[in-house]
Amino acid sequence: QVQLVESGGGLVQAGDSLRLSCAASGITFSVHGMGWFRQAPGKERAFVAAITSGGGDTYYADSAKGRFVISRDNAKRTVSLQMNNLKPEDTAVYYCAAGFGLGSTALNYNYWGQGTQVTVSS
């Protein structure tokens, strides 16, 4: 069975950093593009960042540019999201996703993790 398992969420203060990780199993990881999405209470799931299957290109939502960095290690079958200078607006459940295409829409992704909570206080 396909599994994407996120970890690394938690409660932090504004300005702090967190590193989220996603461990994949049950898929040929190296041929999938990977993405991170987030969903805050009362809002729709939103695109955060994506990385191509080989890791050669990355894409970010405007809200993430300059603060977040997505990376992957195909040998370890993991994708990470380094989040710096966190803001209260970043509070959300963060989801890892895998697909054969990228883009900013969740419809492009076939597999999803269960999510990890990130809470940023001021």
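What this report covers is the structure whose coordinates are included nearby. (Residues numbered from 1 in each chain as written. Predicted model: local features only at pLDDT ≥ 70, side-chain atom pairs only at ≥ 80, totals over all residues. Heavy atoms only, no water.)

As a further point, take the overall build of the protein chain. Within the protein chain, the secondary structure is distributed over 0 helices and 11 strands. If you list the helices and strands of the protein chain from N to C, you get β-β-β-β-β-β-β-β-β-β-β. For a compact globule of 122 residues, the expected C-alpha radius of gyration is about 14 Å, and the protein chain comes in at 13 Å, within 12% of that figure. By residue count, 41% of the 122 residues in the protein chain fall in the buried class. (Helix = DSSP H or I, 4+ residues; strand = E, 2+ residues; numbered from the N terminus. Rg over C-alpha atoms; globule rule 2.2 N^0.38 Å. Buried < 20%, exposed > 50% of the residue type's maximum accessible area, 1.4 Å probe, protein only.)

Right, let's talk about the nonpolar core for a bit. Most often, soluble globular proteins have nonpolar side chains that are buried together. Core analysis: the largest hydrophobic core is formed by 27 residues, its most contacted members being M34, W36, V79, L81, M83 and Y94. Residue assignment for this core shows that the elements contributing at least two residues are β3 (18-25), β4 (33-39), β5 (46-51), β7 (68-73), β8 (78-83), β9 (92-99) and β11 (116-121). Residues F37, F47, A61 and A97 belong to the second largest nonpolar core, which totals 7 residues. (Core = buried A, V, L, I, M, F, W, Y, C linked by side-chain atoms within 4.5 Å.)

What follows concerns the side chain of H32. When you line up the elements, H32 lands in the loop between β3 and β4. Given the relative accessible area of 4%, H32 is considered buried. Among all residues touching H32, those that are not within four sequence positions of it are I27, S53, R72, A98, G99, F100 and Y111. (Contact = heavy atoms within 4.5 Å.)

Another point: the environment of Q13. Its place among the elements puts Q13 in strand β2 (residues 10-13). The spacing of Q13 and T119 is 106 residues in sequence and 8.2 Å in space, taken between C-alpha atoms. With residues up to four places along the chain from it excluded, the contact list for Q13 reads V120 and S121.

Right, let's get into the packing of aromatic side chains. Scanning the model with the defined rule gives 4 aromatic pairs in all. Between Y109 and W112, the ring centres sit 6.1 Å apart and the planes meet at 65 degrees, which makes this aromatic pair edge-to-face. Put simply, the rings of F37, F47, Y109 and W112 pair up and form one aromatic cluster. Sitting above the plane of the Y95 ring, R45 keeps its charged end 3.9 Å from the centroid. Between the NZ or CZ atom of R72 and the centre of the ring of F29, over which it lies, the distance is 4.4 Å. (Phe/Tyr/Trp six-rings, centres within 6.5 Å; stacked < 30°, edge-to-face > 60°. Lys NZ or Arg CZ within 6 Å of the ring centre and 35° of its normal.)

As for its position among the elements, R19 is in strand β3. Here R19 falls in the partly exposed class, since its relative accessible area comes to 44%. Sequence-wise, R19 and Y95 are 76 residues apart; in three dimensions their C-alpha atoms are separated by 13 Å. Sequence-distant contacts of R19, defined by excluding residues within four places in its chain, comprise S7, G8, S71, S80, L81 and Q82.

That is the geometry; function is a separate question.
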